[in-house]
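# Survey of secondary and tertiary structure
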Amino acid sequence: MSKAKPATKKFNDLKDLIASLAPESTMIKHKPKITTAPTFGRVKEEERNVGVAAFLYAASREADNDFHLIVGRDHTLTPEMYMTMEVSGLPPKGDATLDFTDLNAARSAFKKFFGPKLPGGTYDFYDPPIPIKIEGSLFFDITHATGSRPGPHSLKSRMPVIWEVHPLTSIELG
Amino acid sequence: MPKLKKKKARKSATRSAADTLDQLRPGMPAKDSIRKVVDFVSPQNARYKILKTTEMDAYDPVPKPKKKRS
């Protein structure tokens, strides 16, 4: 999935970012219908780039080589709230339309921060949560509009949306 | 048997490391999902604990266990 085109809108609180998203019911009934086909592009609600300062609570590496990041608010704030953000696997280097440079920058920053302690196929949690500043494009994960919702069992009841920031184009950790 | 003793020691070390964590802090994993606690020092020299858990997305395939030397 390539990135959206508009300028990045920055949020200081993940709660405000989540509140700005179109409701799930609207997205499920979207016209044109959102499909899971790899050639299906972004719909207008997904044509947004966002940035937020928050905390990294958990991460795992998916079978498709993406890293799933579970990003949440400061743990002293209520309500507790988390959202999935994805560090994408890299597209072919030669294809300029697939934003290799931005995706590679975000992935390299993530890998450099953790060094040999990158997450594997099950979730690593971080104690204390790690401060993170991200930028990336919004993506409505229609694949999980039915059935099991994404996220680790311990947190997913406080993950109110299946929207993701995907792909991440910038990450600052620590 | 020596092998059995080693396994028990490792398990109890994980358990005691998990026992020192603040389980009441929002965002912590279920205690019984923690299989290992690893120290991590960030490039900025901040200290964290990485809690390696058995938690995964419900729709993901269970990762194959790494082969161990016999």
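Residues numbered from 1 in each chain as written. Chains lettered and ligands numbered in written order. Predicted model: local features only at pLDDT ≥ 70, side-chain atom pairs only at ≥ 80, totals over all residues.

### Concerning the overall build of chain A
Looking only at helices and strands, chain A has three helices and six strands in total. The linear arrangement of helices and strands in chain A, starting from the amino end, is β-α-α-β-β-β-α-β-β. Along the three orthogonal principal directions, the C-alpha set of chain A runs to about 45 × 40 × 30 Å. In chain A, which comprises 174 residues, the share counted as buried stands at 41%. Considering only intrachain contacts with a sequence separation of at least 6, the fraction spanning at least 24 residues in chain A is 72%. (Helix = DSSP H or I, 4+ residues; strand = E, 2+ residues; numbered from the N terminus. Buried ≥ 20, exposed ≤ 12 C-beta atoms within 10 Å, placed from the backbone. Contact = placed C-beta atoms within 7 Å.)

### Quick word on the environment of A:Gly121
Note that A:Gly121 resides in the loop between helix H3 (100-114) and strand E5 (124-140). Distance in space between the C-alpha atoms of A:Gly121 and A:Arg61 is 5.1 Å, their sequence separation being 60 residues.

### Details of the pairing of strand E2 (residues 47-53) of chain B
Two faces belong to every sheet, and in a regular strand the side chains alternate between them. Alignment of E5(A) against E2(B), held across four bridges, turns out to be antiparallel. Among the inter-strand pairings, A:Phe125 is bridged to a residue of E2(B), identified as B:Leu51. Bridge analysis of strand E1 (residues 34-41) of chain B against E2(B) gives seven bridges, and the strand direction is antiparallel. Bridging across to E2(B), B:Lys36 finds its partner in B:Lys52. Between the antiparallel neighbours E1(B) and E2(B) lie five residues, among them B:Asn45 with a positive phi of about 70 degrees. (Pairing = 2+ DSSP bridges.)

### Some words on the interface of chain A and chain B
On the chain B side, the residues contacting the 29 residues of chain A number 29 residues. When residues of the side of chain A that touches chain B are traced back to their parent elements, those giving at least two are strand E2 (49-61) and E5 of chain A. It is E5(A) that provides the largest number of residues to the side of chain A that touches chain B, a total of seven residues. For the side of chain A that touches chain B, the per-class residue count stands at twelve nonpolar, twelve polar and five charged. (Nonpolar A, V, L, I, M, F, W, Y, C, P; charged D, E, K, R; others polar.)

### Observations concerning the nonpolar core
A general feature of soluble globular proteins is that nonpolar side chains tend to end up buried together. Residue and element names in this part refer to chain A. In terms of nonpolar packing, the biggest core is built from 49 residues, with Leu-56 and Val-71 touching the most fellow members. The greatest single-element share of this core, amounting to eight residues, is contributed by E5. Aside from chain neighbours lying at most four places away, what touches Val-71 is Leu-14, Ala-54, Phe-55, Leu-56, Tyr-82, Met-83, Met-85, Ile-132 and Ile-134. (Core = buried A, V, L, I, M, F, W, Y, C linked by C-beta atoms within 7 Å.)

### Examining unusual backbone geometry
For residues that are not glycine, phi is negative in most cases, and the peptide bond is trans in most cases. Residue and element names in this part refer to chain A. Residue Thr-78 is joined to Pro-79 through a cis peptide bond whose omega torsion reads 0 degrees. Structurally, Pro-79 is set in the loop between strand E3 (67-72) and strand E4 (82-87). The amide bond that connects Asp-127 to the next residue, Pro-128, takes the cis arrangement and shows omega of -5 degrees. With respect to the helices and strands, Pro-128 occurs in strand E5. A positive phi angle, near 80 degrees, is found at Asn-65, a position not held by glycine.

### Things to note about the environment of A:Arg42
Residue and element names in this part refer to chain A. Inspection of the secondary structure assignment puts Arg-42 in the loop between helix H2 (24-28) and E2. Sequence spacing of Arg-42 and Lys-3 is 39 residues, and the spatial spacing of their C-alpha atoms is 9.1 Å. Other than its neighbours up to four places away in sequence, Arg-42 contacts Ala-4 and Glu-47.

### Side note on H3(A)
Residues and elements named next belong to chain A. If you check H3, its first and last C-alpha atoms are 21 Å apart, about what 15 residues at 1.5 Å a residue would give, namely 21 Å. Contacts made by the buried residues of H3 are with E3, E4 and strand E6 (163-173). Directly beyond the C-terminal end of H3, a positive phi value near 55 degrees is found at Gly-115. (Expected span 1.5 Å × (residues − 1).)

By themselves, these observations are geometric and do not establish any function.
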